[in-house]
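Topology and contacts: notes
Residues per chain are reported as follows:
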Amino acid sequence: MITNIAISFGSAVILHAVASGSRFGFDIMQVTGLTSGTVYPALDRLETAGYLKSSWEDAAAAHADGRPARRYFTLTAAGAAALRAALQKYRALRPIAGFSPEEA
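Computed from a predicted structure; not experimentally measured. (Residues numbered from 1 in each chain as written. Predicted model: local features only at pLDDT ≥ 70, side-chain atom pairs only at ≥ 80, totals over all residues. Heavy atoms only, no water.)

Before going further, it helps to spend a moment on the overall build of the protein. A count of helical and extended segments in the protein gives 5 helices and 2 strands. Counted from the first residue to the last, the protein has its helices and strands arranged as α-α-α-β-α-β-α. Summed over its atoms, the accessible surface of the protein is roughly 6600 Å², and 58% of this surface lies on carbon and sulfur atoms. (Helix = DSSP H or I, 4+ residues; strand = E, 2+ residues; numbered from the N terminus. Areas by Shrake-Rupley, 256 points an atom, 1.4 Å probe, with all protein chains shown as cover.)

A separate point is the confidence of the model for the protein. When pLDDT is averaged along the protein, the result is 88; 84% of the residues meet or exceed 70. Mean pLDDT across the elements of the protein ranges from a minimum in helix α5 (residues 77-89), with 89, to a maximum in strand β1 (residues 52-56), with 97. (pLDDT = per-residue confidence, 0-100.)

Next up on the list: the pattern of salt bridges. If the charged atoms of two oppositely charged side chains come close together, the side chains can form a pair. One pass over the full model with this rule turns up 4 salt bridges. Between Glu47 and Arg71 there is a salt bridge whose closest N-O contact spans 2.5 Å. Linking Glu47 in helix α3 (residues 36-48) with Arg71 in strand β2 (residues 71-75), this pair joins segments that are 24 residues apart in sequence. A relative accessible area of 22% means that Arg71 is categorised as partly exposed. (Salt bridge = Lys/Arg side-chain N within 4 Å of Asp/Glu carboxyl O. Buried < 20%, exposed > 50% of the residue type's maximum accessible area, 1.4 Å probe, protein only.)

Next up on the list: helix α1 (residues 9-19). It helps to recall that an α-helix has 3.6 residues per turn; residues three or four apart then point in one direction. Of the residues making up α1, those classed as buried are Ser11, Ala12, Ile14, Leu15, Ala17 and Val18. Here the buried face of α1 lies against α2 (25-32), α3, β1, β2 and α5. Just downstream of α1 lies Gly21, where phi reads positive at about 110 degrees. (Contact = heavy atoms within 4.5 Å.)

Looking now at the nonpolar core. Residues Ile7, Leu15 and Tyr51 are the most contacted members of the largest nonpolar core, which totals 21 residues. For this core, the elements supplying multiple residues, two or more each, are α1, α2, α3 and α5. With 5 residues, α1 is the largest single contributor of residues to this core. (Core = buried A, V, L, I, M, F, W, Y, C linked by side-chain atoms within 4.5 Å.)

Before going further, it helps to examine the packing of aromatic side chains. Scanning the model with the defined rule gives 2 aromatic pairs in all. Relative to Tyr90, the ring of Phe9 lies with its centre 5.4 Å away and its plane at 85 degrees, an arrangement referred to as edge-to-face. With Phe9 in helix α1 and Tyr90 in the segment after α5, this pair connects stretches of sequence that are 81 residues apart. Take Phe9: its relative accessible area is 41%, and that puts it in the partly exposed class. Centroid distance Phe24 to Tyr72: 5.8 Å. Interplanar angle 90 degrees. Geometry classified as edge-to-face. Residue Phe24 is located in the loop between α1 and α2, and its partner Tyr72 is located in strand β2; the two are separated by 48 residues in the primary sequence. The aromatic ring of Phe24 is capped on one face by Arg70, whose charged end is 4.0 Å from the ring centroid. (Phe/Tyr/Trp six-rings, centres within 6.5 Å; stacked < 30°, edge-to-face > 60°. Lys NZ or Arg CZ within 6 Å of the ring centre and 35° of its normal.)

This part takes up the packing of α1 against α2. Interhelical geometry of α1 versus α2 gives an angle of 115 degrees and a closest axis separation of 10 Å. Taken together, α1 and α2 sit at an angle that is classed as roughly perpendicular. As for how α1 packs across α2, the hand of that crossing is right-handed. For the pair formed by α1 and α2, the contact residues are Val13, Ile14, Ala17 and Val18 on the first element and Ile28, Val31 and Thr32 on the second. Split into classes, the residues belonging to the contact of α1 with α2 amount to 6 nonpolar, 1 polar and no charged. (Axes fitted to C-alpha atoms, helices over the stretch in contact; angles between N-to-C directions. Parallel < 35°, antiparallel > 145°, perpendicular 65-115°, else oblique. Left-handed = near helix turned anticlockwise from the far one by under 90°. Nonpolar A, V, L, I, M, F, W, Y, C, P; charged D, E, K, R; others polar.)

Encoded structure:
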């Protein structure tokens, strides 16, 4: 089911992280700096809204690697559209031409 939800800054950051290749919760937490209490509920809301879809990896393969199974997220077409709209809304976060934080 696709539902229009308001895309908060945190949700936009999470969609951006997934679109950039971070696919499971802990990885998304590391690249966004958001806490588990923010990331996991937002992932559930974004999936319920139809912006993400998820699947669990094979538990045996995960256990062979010595870790719990991961739930992998991918962006849907609706999620890509929501991310494009969020990037328009949060234009201040776009890269600044000619600015490098390392040189500031």
